[in-house]
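Listed below, chain by chain, are the residues.
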Amino acid sequence: MILLEVGDLTKAKQLYSKLESIKNKPLNVYISLSRYLDVIEERDKAYQQLIDARKIYGKSVLLLLEELKYTLRDQDYKKFARILKAIERFKAEGSPVYYAKWLENMGVLKVLQNKAEQANKYFKLALKIKESDELRSKLSTLEMGGSNSTDSLILESKIIDLMTKAKKAKREKKWRQAFSFAIEASDLSETYIPSRLLLAQIQIKRGF
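So, a few notes on the structure that sits alongside this text. These figures come from a predicted structure and were not determined experimentally.

Calculation notes
Residues numbered from 1 in each chain as written. Predicted model: local features only at pLDDT ≥ 70, side-chain atom pairs only at ≥ 80, totals over all residues. Heavy atoms only, no water. Helix = DSSP H or I, 4+ residues; strand = E, 2+ residues; numbered from the N terminus. Buried < 20%, exposed > 50% of the residue type's maximum accessible area, 1.4 Å probe, protein only. Contact = heavy atoms within 4.5 Å. Areas by Shrake-Rupley, 256 points an atom, 1.4 Å probe, with all protein chains shown as cover. Patch = residues over 30% accessible without salt bridge, like charges linked within 9 Å, V, L, I, M, F, W, Y side chains within 5 Å. Salt bridge = Lys/Arg side-chain N within 4 Å of Asp/Glu carboxyl O. Lys, Arg positive; Asp, Glu negative; His and termini not counted. Charge placed at Lys NZ, Arg CZ, Asp CG, Glu CD. Phe/Tyr/Trp six-rings, centres within 6.5 Å; stacked < 30°, edge-to-face > 60°.

## Structural notes on the overall build of the protein
Broken down by element type, the protein carries 12 helices and 0 strands. Shown N-terminal to C-terminal, the secondary structure of the protein runs as helices and strands in the order α-α-α-α-α-α-α-α-α-α-α-α. Classification of the 208 residues of the protein by burial places 44% in the buried group. In the protein, the proportion of contacts linking residues at least 24 apart, taken out of those at least 6 apart, comes to 51%. For the protein, the accessible area works out to roughly 12100 Å², and carbon and sulfur atoms hold 50% of it.

## Quick word on a negative patch on the surface
Side chains of Glu 41, Glu 42, Asp 44, Asp 74 and Asp 76 sit close together on the surface and give a patch of like negative charge. With respect to the helices, strands and loops of the structure, Asp 74 is situated in the loop between helix H5 (61-73) and helix H6 (77-89).

## With respect to the pattern of salt bridges
Under the counting rule described, the total for this entry stands at 10 salt bridges. A salt bridge links Asp 38 to Arg 73; the shortest N-O distance between them is 3.1 Å. Residue Asp 38 is located in helix H3 (residues 27-39), and its partner Arg 73 is located in helix H5; the two are separated by 35 residues in the primary sequence. Looking at Asp 38, the relative accessible area reads 15%, which means it is buried. When the shortest N-O distance is used, the salt bridge between Lys 55 and Asp 52 registers 3.8 Å. Via salt bridges that share partners, Arg 35, Glu 66 and Lys 69 belong to a single interconnected network.

## What to know about the side chain of Lys 25
Position of Lys 25 relative to the elements: it lies in the loop between helix H2 (9-20) and H3. Residue classification places Lys 25 among the buried positions, given a relative accessible area of 10%. Beyond its immediate sequence surroundings of up to four residues, Lys 25 is in contact with Leu 19, Glu 20, Tyr 30, Leu 33 and Tyr 57.

## Regarding the packing of aromatic side chains
The way to describe two aromatic rings as a pair is by their centre distance and the angle between their planes. All told, the structure shown has 4 aromatic pairs when counted by the stated rule. Here the aromatic rings of Tyr 99 and Trp 102 are separated by 5.8 Å at their centres, their planes lie at 15°, and the arrangement is stacked. One end of the pair, Tyr 99, and the other, Trp 102, are both in helix H7 (residues 96-112), 3 residues apart, so they sit about a helical turn from each other. Accessibility expressed as a relative area gives 37% for Tyr 99, which makes it partly exposed. Assessed through its relative accessible area of 8%, Trp 102 is described here as buried. Ring geometry for Trp 102 versus Tyr 122: centroids 6.2 Å apart, planes at 90°, classification edge-to-face. Here Trp 102 is found in helix H7, whereas its partner Tyr 122 is found in helix H8 (residues 116-129), with 20 residues between them in sequence. The two residues Trp 102 and Tyr 122 agree in class, both being buried.

Following this line, the structure appears as structure tokens:
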């Protein structure tokens, strides 16, 4: 995970090759492998790592939170709701960080159910526990979007995909690609703070 955060995909690939062959993998190895595969846009394989991990670590809240990202991206809202119920049943393992993510995703679920007032409550509770630019953008979108909030969340998913591509190009020092993806992500929404920050970082880095 650390290698992905610092953008060293070469070493991350080498480590992936070593970790992937381990038979009895710890949970954090499964998640690291999944995140690496997601970064290089091998998303089916990334999700399969989580499925394999569930066979061993079925009650892991961290694993359930990782799965939430894929079910939302695939618009499998029934499974999204089931996973949230499971996290609630496990009481988020008593972790404030996990609980904040549960609150945030409960807010997303309420948006999908067109229950804006309840979504607003969940988002604000999550922000009290853990500050997040992405969550503040969701809250801003909700407060301004009204009945279009669900469409806005789908749009946000597209923005995140473009940001992922921009970050990948940035790590590989493909600056024109990174700049292009970042501009496209930023142009999709004037209120989504993370995409505008990413664009600004690339502009400063390259003196655009």
